[in-house]
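Coordinate analysis (summary)
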Number of protein chains: 4
Amino acid sequence: MHTIGRPRRGRGRRPADEVRREVIEAAGELLFEEGMAGFTFDKVASRSGASKMTLYKWWPSKGALALDGYFKRVEPVLAFPDTGDIGADLRAQLHAFVHVISDSPAGPAIAELIGQAQTDPELKAAYLRRYSSPRRALAAEAMERAKQRGQLRVDLDPETVIDQLWGACYHRLLLPDQPLTEGFVDALVTNLFDGIGP
Amino acid sequence: MHTIGRPRRGRGRRPADEVRREVIEAAGELLFEEGMAGFTFDKVASRSGASKMTLYKWWPSKGALALDGYFKRVEPVLAFPDTGDIGADLRAQLHAFVHVISDSPAGPAIAELIGQAQTDPELKAAYLRRYSSPRRALAAEAMERAKQRGQLRVDLDPETVIDQLWGACYHRLLLPDQPLTEGFVDALVTNLFDGIGP
Amino acid sequence: MHTIGRPRRGRGRRPADEVRREVIEAAGELLFEEGMAGFTFDKVASRSGASKMTLYKWWPSKGALALDGYFKRVEPVLAFPDTGDIGADLRAQLHAFVHVISDSPAGPAIAELIGQAQTDPELKAAYLRRYSSPRRALAAEAMERAKQRGQLRVDLDPETVIDQLWGACYHRLLLPDQPLTEGFVDALVTNLFDGIGP
Amino acid sequence: MHTIGRPRRGRGRRPADEVRREVIEAAGELLFEEGMAGFTFDKVASRSGASKMTLYKWWPSKGALALDGYFKRVEPVLAFPDTGDIGADLRAQLHAFVHVISDSPAGPAIAELIGQAQTDPELKAAYLRRYSSPRRALAAEAMERAKQRGQLRVDLDPETVIDQLWGACYHRLLLPDQPLTEGFVDALVTNLFDGIGP
DNA sequence: CTCTAAACGAGACGGTACGTCGAGTCTTCTA
DNA sequence: TAGAAGACTCGACGTACCGTCTCGTTTAGAG
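Residues numbered from 1 in each chain as written. Chains lettered and ligands numbered in written order. Predicted model: local features only at pLDDT ≥ 70, side-chain atom pairs only at ≥ 80, totals over all residues. Heavy atoms only, no water.

1. Some points on the interface of chain D and chain C
The line we're drawing: The criterion used for residue contact is that any of the two residues' heavy atoms lie within 4.5 Å. The buried area of a pairing is the accessible area, by a 1.4 Å probe, that goes missing from both parts when the two are put together, added over both. Salt-bridge detection follows one rule: a side-chain nitrogen of Lys or Arg within 4 Å of a carboxyl oxygen of Asp or Glu. As used in this structure description, the phrase polar contact means that two N or O atoms lie within 3.5 Å; if the pair is within protein, one of them must be able to donate a hydrogen and the other to accept it, and residues adjacent in sequence are counted only when both atoms belong to side chains. Counting from the N terminus, the helices are DSSP H or I runs at least four residues long and the strands are E runs at least two residues long. Gly counts as polar in this scheme, as do all residues outside two lists: the nonpolar Ala, Val, Leu, Ile, Met, Phe, Trp, Tyr, Cys and Pro, and the charged Asp, Glu, Lys and Arg.
The partner chain C presents 47 residues to the 46 residues of chain D that form the contact. Surface buried jointly by chain D and chain C totals about 4200 Å² across both partners, of which 61% is contributed by carbon and sulfur atoms. One can count 2 salt bridges joining chain D with chain C. Between D163(D) and R172(C) there is a salt bridge, with its nearest N and O atoms 2.5 Å apart. The interface formed by chain D and chain C holds 23 residue pairs in polar contact (both at pLDDT 80 or more) in total. At the level of secondary structure, the elements contributing two or more residues to the side of chain D that touches chain C comprise α6 (106-117), α7 (121-148), α8 (158-174) and α9 (182-194) of chain D. Per element, the largest residue contribution to the side of chain D that touches chain C is 13 residues, and it comes from α8(D). For the side of chain D that touches chain C, a count of residues per class yields 23 nonpolar, 15 polar and 8 charged.

Structure (structure tokens):
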């Protein structure tokens with residue numbers, strides 16, 4: 001059944017890039033509309049006008065497809081502020097991060113993607129490689145620069161700090177015992193810079 | 001289909017408690033054997049000898065059932081050490097925690113439960129109420145006592161610290177960019193007590 | 001998608017007989033509307049409101065299902081005339097047979113069923129057992145009675161005659177080199193009773 | 001995917017005759033190996049090294065292609081014996097025919113082709129024109145000659161006799177209620193020459 | 001002998017049906 | 001009368017084949 005007005009597209013081969021683009025757009029729409037619960041190969045195929053065979057050829061799991069759809073919508077902003085003050089930079093980046101996952105549909109989407117990744121090895125690998133890892137690298141580099149500027153302990157492991165800042169936020173996103181607010185992220189930074197001792 | 005050897009149990013009524021117990025045991029077995037991916041109502045019903053109808057009567061979703069099965073296997077140890085030294089207590093508790101989720105089948109199981117909870121509201125609510133929340137409370141109370149002993153800042157928010165310690169560990173469990181080791185948890189505590197500044 | 005007006009039927013169990021009846025009726029409709037070419041499990045399931053699982057449980061192949069549908073529509077008339085004159089009886093029966101397969105939708109349907117049976121062992125077996133064999137038996141019995149009345153050679157094999165009468169008609173149905181007319185069946189009988197020699 | 005050892009043939013244009021020959025050979029092989037059930041354009045294309053596009057250009061349906069493959073293997077022997085004794089000639093020809101369709105792979109193949117023809121108009125037309133019709137013509141001509149020799153009734157319709165001999169055999173091939181033996185074909189001829197009356 | 005147009009191989013593509021599986025609902029029968 | 005048994009609908013799964021179409025290559029035939 002073709003939508004009226006859309007020109008009847010022949011059944012034969014179409015340029016791969018065109019097909020991929022349409023599929024990914026449809027995947028993004030569906031992910032943000034229905035979440036991972038209602039995200040199926042069938043629906044993406046039907047929305048995009050592609051056949052299921054094509055989807056299975058390019059994406060190893062529905063999670064991997066949803067991840068591509070997610071990126072299409074949330075064009076990743078990887079910029080990391082560098083004002084020379086690492087404390088301020090971390091705070092600024094965390095504020096932006098919390099804003100995105102709290103006040104936009106991206107929050108639930110990313111939570112469900114991480115959830116799906118727990119039973120979808122392909123998705124977990126893709127998520128780490130394409131999303132998580134580059135972001136960690138940016139933060140780690142910023143902290144390394146700060147170490148050279150004398151703003152951080154020279155023996156500090158930036159990766160650990162990343163888990164204590166962004167990891168703490170993800171924890172509240174996935175297991176919302178406590179709210180995820182700006183005050184929370186400010187406290188995260190303060191705890192680390194000032195310590196929690198008396 | 002009944003396993004050969006298991007006595008053919010009649011179809012009639014059985015005591016509710018007996019049924020519940022057998023179902024939960026079967027759920028726990030299945031969860032640890034096949035993970036959430038292969039965890040279905042059908043299999044639990046078939047293993048336990050109970051009917052699906054009974055399962056749907058008592059558990060609102062397969063996640064909620066799996067959670068009960070999880071508890072049956074991992075009899076929750078809620079004790080929190082109290083030696084009078086909050087730093088040592090946190091460190092000890094984190095070491096035990098990391099040991100459980102790294103070196104026992106409970107780690108993958110809990111990761112998959114949290115994953116499933118992202119698309120299963122019933123499970124998320126049950127998880128927070130029965131698992132997450134009481135553990136947070138124990139840690140928070142320990143920190144409150146430490147504040148009264150003068151070991152922690154009086155204006156410290158224990159909830160935030162919890163996310164920076166256990167939340168950081170969950171982050172590495174769910175998104176294993178970096179390994180989850182004892183050295184890592186030691187660094188978590190050190191960072192918070194000594195600060196990350198120069 | 002349910003037809004508007006048809007009461008939304010719950011998803012649960014329904015009496016097997018009710019389901020079977022609806023399925024077979026739908027199968028018959030579909031067979032006579034679209035022929036075997038367009039006859040699929042999917043369409044029968046959708047028309048009947050039954051699920052494909054149910055169909056696969058009861059019918060080993062789509063041919064077997066179509067055969068049941070065929071019987072539902074063409075309530076088999078197994079009566080064989082017995083006037084005491086075997087020549088007249090055969091002629092009458094053949095006239096009726098040719099009328100059915102030439103001038104009703106049953107002709108194409110039965111041709112396609114036989115066609116499908118060539119690559120569907122389940123259908124072939126069912127067809128022989130339920131359709132072909134009982135009809136042959138009636139004709140054979142009629143000829144045996146005629147032998148006792150002295151109207152046929154005592155050493156005649158009725159089964160061979162059946163293939164020379166009805167088999168000849170099926171041949172023209174399946175491979176229509178020549179038309180299938182009343183004159184043809186009259187000639188069939190004449191040839192056998194009078195011989196073809198000079 | 002090319003079989004190792006077979007020289008990698010370039011992709012460009014090849015002589016049409018060479019392509020046709022290879023396709024038809026592959027079709028014949030496939031038909032006799034897997035029957036119509038497993039006979040697909042895809043497999044013929046892959047076996048022959050031709051592209052599906054080419055197949056669709058020359059054959060209107062898979063049945064038509066299979067028919068060409070059949071002919072390639074069973075080089076049609078159209079000779080009809082002419083000893084001057086029509087009874088003996090018919091008997092001889094029928095014996096040979098029964099031998100072919102009973103004791104060689106051609107029997108199932110031809111049955112499946114006739115089966116497929118019931119839902120494939122192109123195949124039915126081709127079958128009648130190229131296979132059925134010329135063979136009927138030979139038999140009819142032999143009988144016409146016999147009429148002139150005074151061995152058959154002058155008003156006999158040979159076409160009807162053909163259906164009572166070969167048609168009866170096809171009936172037993174397609175719907176094997178009863179076995180297809182030499183005794184059967186002898187009885188067919190006897191019934192027609194001697195009549196079935198007392 | 002060169003150049004072009006046709007024909008070909010490869011194979012992706014949309015579409016439809018296949019046969020299976022699990023979720024959730026409902027009936028029947030037993031103890 | 002609660003519970004076991006299990007059949008049922010629904011919808012998605014992943015695969016196979018059909019008939020169409022794009023792309024790049026090669027040869028046949030025209031100039």
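2. Brief notes about the side chain of R153(B)
Tracing the backbone through its elements, the reader meets R153(B) in the loop between α7 (121-148) and α8 (158-174). At a separation of 3.2 Å, a polar atom in the side chain of R153(B) contacts the main-chain carbonyl oxygen of G195(A).

3. What to know about the packing of helix α4 (residues 62-73) of chain D against α7(D)
Residues and elements named next belong to chain D. Applicable threshold: In this analysis, axes come from line fits to C-alpha atoms, helices being fitted only over the stretch in contact, and the angle between any two N-to-C directions falls in the range 0 to 180 degrees. In these notes the angle categories are as follows: under 35 degrees is roughly parallel, over 145 is roughly antiparallel, 65 to 115 is roughly perpendicular, and the rest is oblique. The crossing is said to be left-handed when, going from far helix to near helix, the turn is anticlockwise and less than a right angle, and right-handed when the turn is clockwise.
Interhelical geometry of α4 versus α7 gives an angle of 25 degrees and a closest axis separation of 8 Å. Judged on the interaxial angle alone, α7 and α4 are roughly parallel. Read as a crossing pair, α4 and α7 show a hand that is right-handed. On α7, the residues that touch G63, A64, L67, D68, Y70 and F71 of α4 are L123, A126, Y127, R130 and Y131. The residue inventory of the contact of α4 with α7, partitioned by class, reads 8 nonpolar, 1 polar and 2 charged.

4. Brief notes about the arrangement of the chains
One finds no contact between chain A and chain C; the C-alpha atoms of the two approach each other to within 15 Å at their closest. Taking C-alpha atoms only, the smallest gap left between chain B and chain D, which are not in contact, amounts to 34 Å.

5. Considerations on the packing of aromatic side chains
For clarity, the cut-off: Stacked, tilted and edge-to-face are the three classes assigned to paired rings of Phe, Tyr and Trp, where Trp is represented by its six-membered ring and a pair needs centres within 6.5 Å; plane angles under 30 degrees give stacked, over 60 edge-to-face, the rest tilted. Whether a charge sits over a ring depends on NZ of Lys or CZ of Arg being within 6 Å of the ring centre and within 35 degrees of the ring normal.
Using the criterion set out here, one finds 36 aromatic pairs over all chains in the structure. Grouping aromatic residues by their ring pairs yields a cluster made of F32(A), Y70(A), F71(A), Y127(A) and Y131(A). The aromatic ring of F32(B) is capped on one face by R73(B), whose charged end is 5.0 Å from the ring centroid.

6. Describing the interface of chain B and chain A
Contact residues are listed per partner, giving 46 residues for chain B and 47 residues for chain A. Regarding the contact of chain B and chain A, the summed buried area is about 4200 Å², with carbon and sulfur atoms giving 60% of it. Between the two partners, chain B and chain A, sit 2 salt bridges. Seen at the junction of chain B and chain A, the total is 23 residue pairs in polar contact (both at pLDDT 80 or more). Put simply, the parts of the chain that give the side of chain B that touches chain A at least two residues each are α6 (106-117), α7, α8 and α9 (182-194) of chain B. Here the side of chain B that touches chain A gets 13 residues from one element, more than from any other, and that element is α8(B). Grouping the amino acids of the side of chain B that touches chain A by side-chain chemistry returns 23 nonpolar, 15 polar and 8 charged.

7. As for the environment of R21(C)
For R21(C), the position within the fold is in helix α1 (residues 16-34). For the pair R21(C) and K57(C), spaced 36 residues apart in sequence, the C-alpha to C-alpha distance is 15 Å.

8. Looking at the pattern of salt bridges
Going by this rule: Throughout this description, buried means an accessible area under 20% of the type-specific maximum (1.4 Å probe, protein chains only), exposed means over 50%, and partly exposed covers the range between.
Here the structure, examined in full by the defined rule, presents 56 salt bridges over all chains. A salt bridge links D186(B) to R91(B), with the shortest nitrogen-to-oxygen separation between them at 3.5 Å. Taken as a pair, D186(B) in helix α9 and R91(B) in helix α5 (residues 86-103) lie far apart in primary sequence, 95 residues in all. Looking at D186(B), the relative accessible area reads 23%, which means it is partly exposed. For R91(B), a relative accessible area of 29% gives the class partly exposed. Sharing partners across several salt bridges, the network here consists of R136(A), E159(A), D163(A) and R172(B).

Spatial relationships are all this shows, so hold off on functional conclusions.
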